[in-house]
Each structure stands twice: as C-alpha cells, then as structure tokens.
Amino acid sequence: MTTTRAIFDLENLKMSKYDLVIFDEASQVGLAHALALVPLGRKRLYAGDPKQLSPIVKSERKEAKEWLGKSPFTFMKLNANNVCSLNEQSRMSETICELVSHVFYGGNLIVAKDCINNTKWINERTIHLENKNDEPHILIKNIEKDGIWSEKYKGPIRFESAETIINLLRKGIEQSSITEQQVIVLTPFRAQRALLKSMLFNAGLKKIKVSTVHRAQGSEAPIVIFDPVQASNNFLNGDEARKLINVALSRAQGKLVLLLSKYDYKNPLFFEISNIVKMSETKDDIVSIYELLKQPDFPICALNKIIKIKSNIGKVIEIIDNGKQFAIINISTGKRQVFIVESMKKALQN
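We now turn to the structure provided with this report. Worth saying up front: this structure is predicted, and the values here are computed from it rather than measured. (Residues numbered from 1 in each chain as written. Predicted model: local features only at pLDDT ≥ 70, side-chain atom pairs only at ≥ 80, totals over all residues. Heavy atoms only, no water.)

What follows concerns the pattern of salt bridges. What the rule picks out here adds up to 16 salt bridges. For the salt bridge of Arg61 with Glu63, the shortest nitrogen-to-oxygen distance reads 3.8 Å. Here the residues in one salt-bridge network are Lys120, Glu124 and Arg125, joined through shared partners. (Salt bridge = Lys/Arg side-chain N within 4 Å of Asp/Glu carboxyl O.)

Now the structure itself:
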C-alpha cells in the first residue's frame, strides 16, 4: 500500500508484527511517514534513488519542509555497512546511460551486463525518429525563444517548443516506424503541459502522453522529449532541480530529445549536458597533450583539437592570458577545465 494509506490504517496494521517493512521509491517517502511506520517491523529496507525527486511539499512552513519534504535518505551515509549501491540499469541505451551517469552519478551508473551484448535489447533501443541510419540516441533541437509567463495558463509556456515537437513527431510517424504510444513528452511546468496537450490534440496526435516530470517518476518510454521551457527559472536551479532533470532524462529507453534555447544554456546543468552530447558526436582523433607540448606554438596549435591530459579528454576551446593557460570542455562531464601551460611543460620535463 502507499505510505499515506498505511498511516490512515496504522491502528489495524499495528495488530500484526512484521519481520520486514520495505519502503519502495523511498526518495519520495517523507520522514514523518517513515518514522510512524518503522515500528511495524523488526527490520526495514529503504529502496530507491536519493538522486531523484524528494517528497512533494506545497507548504512553505519550515516544519512541513523538515518533516514532509525530506526522505530517510537525508541521513544515509554512502559508505556505511547497511548501504548497498545498485549501479546497473537496464532501461536506458548505453549512450543515454553514459550521459545520465556522468552528469548525476559520477560515472558510476552502467548498463547491466546481461544487456550490453544482447542484440534484442539493443535493437529495441535503436529508434530512427528522423529516419537517419546513423541517428544518435540523444538529439538536441535548437529553440530560438525563451519561455514566457502566461496569464491564461498561469505559468511558463513556450509555443515554439510545442510546434517543434509536433513537426518532429509528424515526420517520425510518417517516415519511420514509430507510434504515438512510444512517446512521452515531459516538462517541469503544469502550464506547458496544458499547452502541449491542447496543441498535440489539435494536431491530431491524440495518443501522445504528456506529463510533468514529477508525475513521470517511476515510468519509462522508448522515446522521451523533454522541454525545460525556461531553464533560467529558479525552479530549475539547485539540488532539487538536478533531481528533477535526472528523472526527466532517465525515463528514456532508446531516444532522448532535448529542446534547448540559448537562454536555457545559461543554466549550468543544461550547458554541461549539451556539451557532453556535442562532444559525443565528434569524429576528431584524440591527441596526447605530450605530443602537442613539443610544438613551438603550443598552446595555439591545440585550439579546437580533442586532447588527452591524463584521465581528462576534452576539446580545447580557449587560449587564456596570452597563452599562459588554456581551457577545455571535458567530453565525459561537459564541464570547463583550465590548465596552466607552465605546469604542463614541467610535467613533460620530469
């Protein structure tokens, strides 16, 4: 049963003593519910992902946020003997998994061994939305405009996103073998959800599922389209925003489509995500930093090259301070890293 139902039925449940109480999707179980239900069993197990959405609390009161807005995972110590980390997943294709893993799990999340060489599993996640043979698992669609506040819908909306989604899905359904039932469109805002549902319905795409991210936790779909609408919004910045975006991206089995504008890239997390996606598509050879250091015009000669510095691999995007430093975008993390040329040369000499 749900934890809320268990609280209402607590007196009846107390009539029995259980060996084990399991809290599933425990990241969304509030502390008050957990503490009330723990005495029902001799032992208890919390199963869930602390990097996904916390319990939803509408109240702004400090006490409500403290007892209803935090899960038992708040007090979890990762290296404790009673903690077991499950780092294999079988939902996402390898490319999508790598993105989610590097951005949210420090690179520790991997595809399950039973899936990685399973032809049937791989084929089910090979989806040609744009009818291209070498189509990547992750697509970024450029949107010109930022989201705006709508008095009619009482929240942020973006018409251009809806139009892009309609055109993309019409083309995919007509030219490829995808169906409406394979698609879920996700957005953080209820206003944009209402707009999307209305426009998709009017476009004849009546079976496309549209949901807010909070409602989608625990679900999955072959094709996920995620529209942040207005990534500069405070709602999409901070720790809880990371959890929300993690949930959105990790619902995808075979195809993930991100609708991003230049305004969305001002959000550091989307900037990082877009960098990883773009870097994964590069065909350039990787050059060792030690080869380039020998060149008399270093670091100028490294500009726009993919280089390897120990465990770091990335594209050189900027020469700083008249060549005393240079910056790369790391392929794995999407983050900007700065290196000092003199330190590089000393390392080579040693």
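Another point: the layout of surface pockets. Empty space among the atoms can be located by rolling a probe the size of a water molecule over them. There is about 1,700 Å³ of room inside the largest pocket. Lining the largest pocket we find 47 residues, and of these Gly48, Asp49, Pro50, Phe73 and Cys84 sit closest to its centre. For the lining of the largest pocket, the secondary-structure elements that each account for two or more residues are helix H3 (31–37), strand S2 (41–47), strand S3 (88–89), helix H5 (94–104) and helix H11 (239–249). Considering only residue class, the lining of the largest pocket consists of 22 nonpolar, 13 polar and 12 charged. In this structure, the second largest pocket encloses a volume near 1,100 Å³. Lining the second largest pocket are 32 residues; nearest its centre among them are Ile56, Val57, Arg190, His214 and Phe235. (1 Å grid on protein atoms, 1.4 Å probe; cavity = no way out; pocket = protein on both sides within 12 Å on 5 of 7 lines; lining within 4 Å. Points joined across faces, edges and corners; volume = space filled by probe spheres on them. Helix = DSSP H or I, 4+ residues; strand = E, 2+ residues; numbered from the N terminus. Nonpolar A, V, L, I, M, F, W, Y, C, P; charged D, E, K, R; others polar.)

This paragraph deals with the nonpolar core. Counting residues in each nonpolar core, the largest one holds 41 residues, and the members touching the most others are Leu99, Leu249, Leu256 and Ile273. Every element with two or more residues in this core is listed here: H5, strand S8 (183–187), helix H10 (213–216), strand S10 (221–226), H11, strand S11 (252–261) and helix H12 (268–280). No other element matches H5, which puts 6 residues into this core. Each residue touching Ile273, except ones within four places of it in the same chain, is listed here: Leu99, Val103, Ile245, Leu249 and Leu258. By size, the runner-up hydrophobic cluster in this structure holds 27 residues, among which are Leu129, Ile143, Ile157 and Ile225. (Core = buried A, V, L, I, M, F, W, Y, C linked by side-chain atoms within 4.5 Å. Buried < 20%, exposed > 50% of the residue type's maximum accessible area, 1.4 Å probe, protein only. Contact = heavy atoms within 4.5 Å.)

Pairs of packed helices are described in terms of their axes, by the angle between the two and the distance that separates them. Their axes nearest at 11 Å, the elements H5 and H12 cross at an angle of 140°. Taken as axis vectors, H5 and H12 run oblique relative to one another. Along this stretch, H5 crosses H12, giving a crossing that reads as right-handed. Here Leu99, Val103 and Phe104 of H5 lie close against H12, whose contacting residues are Leu269, Glu272, Ile273, Ile276 and Val277. Residues belonging to the contact of H5 with H12 are distributed by class as follows: 7 nonpolar, no polar and 1 charged. (Axes fitted to C-alpha atoms, helices over the stretch in contact; angles between N-to-C directions. Parallel < 35°, antiparallel > 145°, perpendicular 65-115°, else oblique. Left-handed = near helix turned anticlockwise from the far one by under 90°.)

Purely geometric numbers; function is a separate question.
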